[in-house]
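Secondary and tertiary structure notes
One-letter residues, chain by chain:
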Amino acid sequence: MRSTVTLHVVSSLDGFIARKDNSVSWMDSSDVYERGVTDDGAEVGAEVIGSIDCYVLGSRTYEHALQLGWPYGDTPTVVITNRELPSTRESVEFYSGDLKRLVSEILAPRYGNIWLVGGAILGQSFLRLGLVDEIRLMIAPVILGDGLPLFGDSGAEQKWHLKNVVAYKNGFVELSYSRQPTKSISTNDSAI
Ligand SMILES: NC(=O)c1ccc[n+]([C@@H]2O[C@H](COP(=O)([O-])OP(=O)(O)OC[C@H]3O[C@@H](n4cnc5c(N)ncnc54)[C@H](OP(=O)(O)O)[C@@H]3O)[C@@H](O)[C@H]2O)c1
């Protein structure tokens with residue numbers, strides 16, 4: 001099975017995924033996510049959620065999700081931590097250690113559509129290690145001014161290919177990117 005790791009997060013216009021106090025209420029929209037500004041007929045929310053085989057999250061996101069209300073249903077969920085955390089749900093397992101091994105030996109053989117849903121620390125680790133195949137970035141129409149930066153320590157420059165844009169009437173915009181294939185160097189390429 002060919003597996004894909006998708007980094008999915010909601011960011012403010014100025015690139016934060018949580019306020020300094022960890023709150024994420026700025027992500028809530030009183031309006032529904034109604035398409036309208038652009039609509040290219042791509043999959044809609046329920047189809048996307050139903051296609052996810054596994055969630056991966058950092059321990060801080062896990063603890064916050066337990067407080068706010070578990071959003072991952074019964075879908076298998078792997079929480080990355082160095083601590084002994086209490087197991088709260090049958091669908092949750094914990095992992096500590098090498099993230100490349102996590103993806104290649106534990107996740108890829110079992111799951112096709114793997115969603116890495118944060119937080120910033122874990123997302124940046126995956127990006128630095130080149131473990132992210134796709135990015136789905138939902139931009140909220142708000143400037144927070146300060147907070148937890150999404151891309152603070154993501155490693156070397158990486159080019160991404162824009163696959164899709166969906167703009168919702170509530171002002172949110174979802175950008176979907178895939179990793180740009182590495183350019184093969186032709187023998188005809190002249191040195192500059
Ligand atoms: N806007 C959004 O879409 C969005 C999405 C997700 C989260 N959030 C918010 O972001 C905040 C949490 O993000 P965060 O960046 O602070 O933390 P995080 O990435 O959720 O979790 C970081 C923790 O994950 C564990 N970890 C990371 N890499 C590891 C590795 N290689 N091996 C073992 N453990 C590893 C460590 O846990 P231990 O300390 O337990 O060892 C580390 O402290 C919360 O406020 C959450 O609500 C927002």
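Below: a short report on this structure. (Residues numbered from 1 in each chain as written. Predicted model: local features only at pLDDT ≥ 70, side-chain atom pairs only at ≥ 80, totals over all residues. Heavy atoms only, no water.)

**A short note on the side chain of Glu174**
To be explicit about the condition: Numbered from the N terminus, helices here are DSSP runs of H or I no shorter than four residues, and strands are runs of E no shorter than two. Residues adjacent in sequence count toward polar contacts only when both atoms are side-chain atoms; beyond that, a polar contact is any pair of N or O atoms within 3.5 Å, and within protein one must be able to donate a hydrogen and the other to accept it. A contact between two residues is defined here by any heavy atoms of the two lying within 4.5 Å.
Locating Glu174 in the fold gives a position in strand 10 (residues 173-179). Polar side-chain contacts of Glu174 include one of 3.4 Å to the side chain of Arg136. Beyond its immediate sequence surroundings of up to four residues, Glu174 is in contact with His8, Arg136, Leu137, Met138, Asn164, Val165, Val166 and Tyr168.

**Focus: the pattern of salt bridges**
Formally: Salt bridge criterion: a side-chain nitrogen from Lys or Arg within 4 Å of a carboxyl oxygen from Asp or Glu. Think of it in three bands: residues with accessible area under 20% of the maximum for their type are buried, residues over 50% are exposed, and the middle band is partly exposed, with areas taken using a 1.4 Å probe on protein chains only.
Going through the model one piece at a time under the given rule, you end up with nine salt bridges. The salt bridge involving Lys20 is made with Asp146; its shortest N-O contact spans 3.4 Å. Taken as a pair, Lys20 in the loop between strand 2 (16-18) and helix 1 (45-50) and Asp146 in the loop between strand 7 (134-140) and strand 8 (148-149) lie far apart in primary sequence, 126 residues in all. Here Lys20 falls in the exposed class, since its relative accessible area comes to 66%. According to the relative accessible area criterion, Asp146 is partly exposed, its value standing at 37%.

**Some details on the nonpolar core**
Inclusion rule: Nonpolar core, defined: a set of buried Ala, Val, Leu, Ile, Met, Phe, Trp, Tyr and Cys residues in which side-chain atoms within 4.5 Å join the residues together.
Membership of the largest hydrophobic core comes to 29 residues, with the highest contact counts inside it found for Val56, Ile80, Leu102, Leu107, Leu116, Phe126 and Val132. Only strand 1 (4-12), strand 3 (54-58), strand 4 (77-80), helix 3 (99-107), strand 6 (113-116), helix 4 (120-128) and strand 7 provide two or more residues apiece to this core. Each residue touching Leu107, except ones within four places of it in the same chain, is listed here: Cys54, Val56, Val78, Leu102 and Ile114. Counting residues in each nonpolar core, the second largest holds 13 residues, with Ile52, Tyr55, Ala65 and Trp70 among its members.

**Considerations on the pairing of strand 9 (residues 160-167)**
Let me state the cut-off plainly: Note: two strands are recorded as paired if DSSP finds a minimum of 2 bridges between them.
As judged from the seven bridges shared by strand 9 and strand 10, these two strands associate in the antiparallel manner. For His161, the partnering residue across the bridge sits in strand 10 and is Ser178. Between strand 9 and strand 10, which pair antiparallel in sequence order, lie five residues; one of them, Gly171, sits at a positive phi of approximately 100°.

**Details of the environment of Gln124**
Residue placement: Gln124 occurs in helix 4. On the basis of relative accessibility, which here comes to 9%, the residue Gln124 falls in the buried class. Expressed as a C-alpha distance, the spacing of Gln124 and Leu150, which sit 26 residues apart in the sequence, is 7.6 Å. With residues up to four places along the chain from it excluded, the contact list for Gln124 reads Pro149, Leu150, Phe151, Gly152, Asp153 and Ser154. A polar side-chain atom of Gln124 sits 3.1 Å from the main-chain carbonyl oxygen of Pro149.

**Describing the site of the ligand**
For clarity, the cut-off: Throughout, near means a residue has at least one heavy atom within 4 Å of the molecule or strand. Computed with a 1.4 Å probe, the accessible areas rest on the Shrake-Rupley method; for each residue, only the protein chains presented here act as cover. In this classification, Asp, Glu, Lys and Arg are treated as charged, Ala, Val, Leu, Ile, Met, Phe, Trp, Tyr, Cys and Pro as nonpolar, and every other residue, Gly included, as polar.
For the ligand, the set of nearby residues contains 25 residues, the closest of which are Val10, Thr61, His64, Thr81 and Arg83. Between an oxygen atom of the ligand and a main-chain N or O atom of Ile80, the distance comes to 3.4 Å. A distance of 2.8 Å separates an oxygen atom of the ligand from a polar atom in the backbone of Ile121. Coverage of the ligand by the protein chains reaches 87% of its 930 Å² of free accessible surface. Every element with two or more residues in the shell around the ligand is listed here: strand 1, strand 2, helix 2 (59-68) and helix 4. With four residues, the single largest contributor to the shell around the ligand is helix 2. Among the residues making up the shell around the ligand, the classes are represented as 13 nonpolar, 10 polar and two charged.

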